[in-house]
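Each chain, written out:
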Number of protein chains: 2
Amino acid sequence: MCKAAPWQTGVYVPKDWTMASQEIENLVQALARLPGLGPRSARRAVLYLLKRPETTMKPILSAMEQVEANLVTCTICGNVDTKDPCQICSDPRRDEKSLCVVEEVSDLWALDKSRLFPGKFHVLGGKLSALDGVRPEDISIDKLLKRVEQGGIDEVVLAMNATLEGQATAHYIAERLESFPVRLSQLSHGIPVGGELDYLDEGTLAQALRSRRPVE
Amino acid sequence: MCKAAPWQTGVYVPKDWTMASQEIENLVQALARLPGLGPRSARRAVLYLLKRPETTMKPILSAMEQVEANLVTCTICGNVDTKDPCQICSDPRRDEKSLCVVEEVSDLWALDKSRLFPGKFHVLGGKLSALDGVRPEDISIDKLLKRVEQGGIDEVVLAMNATLEGQATAHYIAERLESFPVRLSQLSHGIPVGGELDYLDEGTLAQALRSRRPVE
Ligand SMILES: [Zn+2]
Ligand SMILES: [Zn+2]
């Protein structure tokens, strides 16, 4: 009988014997932090990149370099894009008369992905919060008022999250907009209490948009 | 009653009204091709990158640039890494006497991820195939023979996929190695017929390794 090699006895290879160079391990770890990818999928993704770098890694790399070099916050609406004004603000086909106000860029993306709102957006960049000390002047409310003041907007849709703070923010904005000749509405049925827009499916978003009600 | 805006009637925003600049759409599309990410997760991943570019996009970008700039195929074993010889070939703690032969780099990674084999590897870069016209001289068999010829190797584990072509390749290599004083074994129980190593879980791989049998 041959003597069993160590690995035949069920001894595991120590964790610090990495299979690839530190550079590749760094890439695995960096990709593993992406939402939707864990350490296992990140490793598989990196292997995929290494196998055909010309057709897989190069396109990601150059797209990411482009984005990274040109990333800006839109000075009109607060969206993030590689140009200012952003794609949405500079698209003449969009309805300038409807303005949808959201807390975060992720909410804008969630709504826009649903393809249900062909108007423009305004990103507050947060929500009022006594707990976190976020006051009206800390988020983009004055800028919103200025946009409405300039005229041309018929309706403002308040699309805050259905959280206490989101709703308090909506009410505060509704009060500040009271004196302007705009219809005010807010997303209603379909948003689960405590739910965050960013995680809703399209159907729920559609229902919330269609059944929105005027602010009392 | 107020006149309904177009988007209240359930009219969808046309597909060509993109929400972000072409550069960002390019990045979404490039990432969507990664295994484990679809178009939806890719969009969420990009949004995550855009929100905190300094702590998310920059590390991926610099890790990927490093990897892309230094990517090489190991001249000893055929593994892909950012240095030559690769991390595995240049690690003195690994057992030089055991050599595991695999078809592809992805198989090497799958086996090494299981942490069950502390030896060295040899990547063939394919498998013999009459159908695809892949002959012995088209894959890294001569190089494998040279490594064995040089001596110092006690055992060669043939870890081909359990496909017809994989097994034909294993048999061919076994014949070529017959005259050398090495123990030859191959993965056995646990590989589903037609299965590919790269997709097996660790437990199955462990069983296949532990119950490997001598080549007749
Ligand atoms: Zn904008
Ligand atoms: Zn190597």
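Since the structure is predicted, the reported quantities are computational estimates derived from the model, not experimental observations.

Draft legend 1. Representation of the overall build of chain A within the structure. Across its full length, chain A holds seven helices and seven strands. For chain A, the succession of helices and strands along the chain, N to C, is α-α-α-β-β-β-α-β-α-β-α-β-α-β. With the model as given, the accessible surface of chain A reaches about 10,200 Å², and the carbon-plus-sulfur share is 53%.

Draft legend 2. Seen up close, the nonpolar core. In this structure, Leu31 and Trp109 of chain A together with Leu31 and Trp109 of chain B are the most contacted members of the largest nonpolar core, which totals 88 residues. Once you skip the residues sitting within four places of it in the chain, Leu31 of chain A turns out to touch Leu37, Ala42, Val46 and Leu49 of chain A together with Ile60 of chain B.

Draft legend 3. Looking closely at the interface of chain B and chain A. Counting from both sides, the interface comprises 81 residues of chain B and, opposite them, 81 residues of chain A. Summing both partners gives a buried area of about 8,300 Å² for chain B against chain A, and 66% of it is carried by carbon and sulfur. Run the count over chain B and chain A and you get two salt bridges. Close ionic contact of Lys58 of chain B with Glu68 of chain A constitutes a salt bridge, the shortest N to O distance being 3.3 Å. The interface formed by chain B and chain A includes 14 residue pairs in polar contact (both at pLDDT 80 or more). Sorting the residues of the side of chain B that touches chain A by element identifies α1 (22–32), α2 (39–51), α3 (57–70), β2 (80–81), α4 (105–113), β5 (155–158) and α7 (202–210) of chain B as the ones contributing at least two each. The greatest single-element share of the side of chain B that touches chain A, amounting to 12 residues, is contributed by α3 of chain B. Classifying every residue of the side of chain B that touches chain A by side-chain character gives 41 nonpolar, 14 polar and 26 charged.

Draft legend 4. Structural detail: the packing of helix α1 (residues 22–32) of chain A against helix α2 (residues 39–51) of chain A. All names here are of chain A. With their axes 8 Å apart at the nearest point, α1 and α2 run at an angle of 125° to one another. With respect to α2, the axis of α1 lies oblique. Crossing angle aside, the handedness with which α1 passes α2 is right-handed. Between α1 and α2, the contacting residues are Ile24, Glu25, Leu27, Val28, Leu31 and Ala32 on the first element and Pro39, Ala42, Arg43, Val46, Leu49 and Leu50 on the second. Split into classes, the residues belonging to the contact of α1 with α2 amount to 10 nonpolar, no polar and two charged.

Draft legend 5. Inspection of the domain arrangement of chain A at higher detail. Domain boundaries assigned for chain A yield domain 1 (21–70) and domain 2 (80–214). Distance from the C-alpha centre of domain 1 of chain A to the C-alpha centre of domain 2 of chain A: 34 Å.

Draft legend 6. Fine view of the pairing of strand β4 (residues 119–123) of chain A. Residues and elements named next belong to chain A. Taken across its five residues, β4 has five buried, putting it largely inside the fold. Of the pairings in the sheet, the one linking strand β3 (residues 95–102) to β4 comprises five bridges and is parallel in character. Pairing of Leu99 across the sheet is with Lys120, part of β4. In the classification by handedness, the crossover that spans β3, the intervening helix α4 (residues 105–113) and the parallel β4 is right-handed.

Draft legend 7. Geometry of the UniProt feature "zinc finger region: C4-type" (unreviewed entry) in chain A. Per the UniProt record, "zinc finger region: C4-type" (unreviewed entry) is annotated on residues 74–89 of chain A. Helix makes up 0% of residues 74–89 of chain A and strand 12%, whereas the separation of the span's terminal C-alpha atoms amounts to 8 Å.

Draft legend 8. Just the coordination of the zinc ion (ligand 1), in detail. All names here are of chain A. Within the first shell, the zinc ion (ligand 1) binds the protein through Cys74 (SG), Cys77 (SG), Cys86 (SG) and Cys89 (SG), at distances of 2.3 to 2.4 Å. Each of the four donor atoms around the zinc ion (ligand 1) contributes to a set of angles spanning 103 to 117°, which defines the coordination as tetrahedral. In primary-sequence terms, the residues that donate to the zinc ion (ligand 1) follow C-x2-C-x8-C-x2-C. Across the pair, exposure class does not vary: Cys86 and Cys89 are buried alike.

Draft legend 9. Region of the structure containing the pattern of salt bridges. All names here are of chain A. The final tally for this structure, using the stated rule, is 18 salt bridges over all chains. Here Arg94 and Asp112 are joined by a salt bridge, their closest N and O atoms 2.9 Å apart. Remark: Asp112 occurs in helix α4 and Arg94 occurs in the loop between β2 (80–81) and β3; sequence separation between them is 18 residues. Its relative accessible area of 6% is what places Asp112 among the buried residues.

Draft legend 10. Representation of α1 of chain A. Where α1 of chain A is concerned, the buried positions are Ile24, Glu25, Leu27, Val28, Ala30 and Leu31 of chain A. Buried positions along α1 of chain A lie against α2 of chain A together with α3, β2 and α4 of chain B.

Draft legend 11. Examining the pairing of β5 of chain B more closely. Residue and element names in this part refer to chain B. The alternating pattern of β5 places Glu155 and Val157 and Val156 and Leu158 on opposite faces, both of which are buried. Inspection of the sheet shows strand β3 (residues 95–102) paired to β5 by four bridges, in the parallel sense. Along β5, the bridge assignment pairs Cys100 with Val157. Here β5 pairs with strand β6 (residues 183–186) via four bridges, running parallel.

Draft legend 12. Fine view of the coordination of the zinc ion (ligand 2). Residue and element names in this part refer to chain B. Only Cys74 (SG), Cys77 (SG), Cys86 (SG) and Cys89 (SG) from the protein coordinate the zinc ion (ligand 2), and they sit 2.3 to 2.4 Å from it. Along the chain, the residues that donate to the zinc ion (ligand 2) are spaced as C-x2-C-x8-C-x2-C. Like Cys77, Cys74 is buried.

Draft legend 13. Geometry of the relation of the copies chain B and chain A. Mapping chain B onto chain A calls for a rotation angle of 180° and an axial translation of 0.0 Å; the resulting RMSD is 0.1 Å. The transformation just described matches what one would write down for a two-fold rotation axis. When you check the interface residues of chain B against chain A, 100% turn up at the interface there too, and the contact is symmetric in its surfaces.

Draft legend 14. Examining the environment of Glu175 of chain B more closely. Relative to the elements of secondary structure, Glu175 of chain B occurs in helix α6 (residues 164–177). Along the primary structure Glu175 of chain B and Leu128 of chain B are separated by 47 residues, whereas in three dimensions their C-alpha atoms are 14 Å apart.

Thresholds applied
- Position numbers for residues start from 1 in each chain and track the written sequence from start to end.
- Chains and ligands are labelled sequentially in the order written, the chains with letters from A and the ligands with numbers from 1.
- At least 70 in pLDDT is required for a residue's local features to be given in this predicted model, at least 80 for side-chain atom pairs to be given and counted, and no such filter applies to totals for whole chains, interfaces and linings, which use all residues.
- Hydrogens are left out, water is left out, and the side-chain values use all remaining heavy atoms of the structure.
- Helix and strand labels come from DSSP, where a helix needs a run of H or I of at least four residues and a strand needs a run of E of at least two; each type is numbered from the N terminus.
- Here the accessible surface of atoms and residues is derived via Shrake-Rupley with a 1.4 Å probe, and residues count as covered only by protein chains that are part of the display.
- Among buried residues, the Ala, Val, Leu, Ile, Met, Phe, Trp, Tyr and Cys ones that are joined through side-chain atoms within 4.5 Å form a nonpolar core.
- Any residue under 20% of the maximum accessible area for its type is buried, any over 50% is exposed, and the rest in between are partly exposed; the area is computed with a 1.4 Å probe on protein chains only.
- Note on definitions: a residue-residue contact is assigned when non-hydrogen atoms from the two residues lie within 4.5 Å.
- Once two parts are brought into contact, the accessible area they lose, counted with a 1.4 Å probe and summed over both, makes up the buried area.
- Each salt bridge in this description consists of a side-chain nitrogen of Lys or Arg and a carboxyl oxygen of Asp or Glu lying within 4 Å of one another.
- Polar contact is defined as a pair of N or O atoms within 3.5 Å, subject to the rule that within protein one atom must be able to donate a hydrogen and the other to accept it, and that residues adjacent in sequence are counted only when both atoms are side-chain atoms.
- In this classification, Asp, Glu, Lys and Arg are treated as charged, Ala, Val, Leu, Ile, Met, Phe, Trp, Tyr, Cys and Pro as nonpolar, and every other residue, Gly included, as polar.
- Fitting a line to C-alpha atoms yields each axis, with helices limited to the stretch in contact; the angle taken between N-to-C directions then spans 0 to 180 degrees.
- These descriptions rest on fixed angle ranges, namely under 35 degrees for roughly parallel, over 145 for roughly antiparallel, 65 to 115 for roughly perpendicular, and the rest for oblique.
- Handedness of a helix crossing follows the sense of rotation of the near helix relative to the far helix, less than a right angle counterclockwise being left-handed and clockwise being right-handed.
- For each domain, the first and last residues come from an automatic or database assignment.
- We call two strands paired when DSSP finds no fewer than two bridges between them.
- Here, the term right-handed applies to a crossover whose path from the first strand over the helix to the second runs clockwise when the strands point away from the viewer.
- UniProt positions are given in the numbering used here, feature names are shortened, and annotations may be inferred rather than shown by experiment.
- In this listing, donors mean N, O and S atoms no farther than 2.8 Å from the metal, or 3.2 Å for Na, K and Ca; water is missing from the atoms, so a site can look incomplete.
- Any coordination sphere not matching a tetrahedral pattern (four donors, all angles between 85 and 135 degrees) or a square planar or octahedral pattern (four or six donors, opposite donors over 155 degrees apart, other angles between 65 and 115) is reported as irregular.
- Least-squares fitting of one copy onto the other uses the C-alpha atoms of those residues that reach a pLDDT of at least 70 in both copies.

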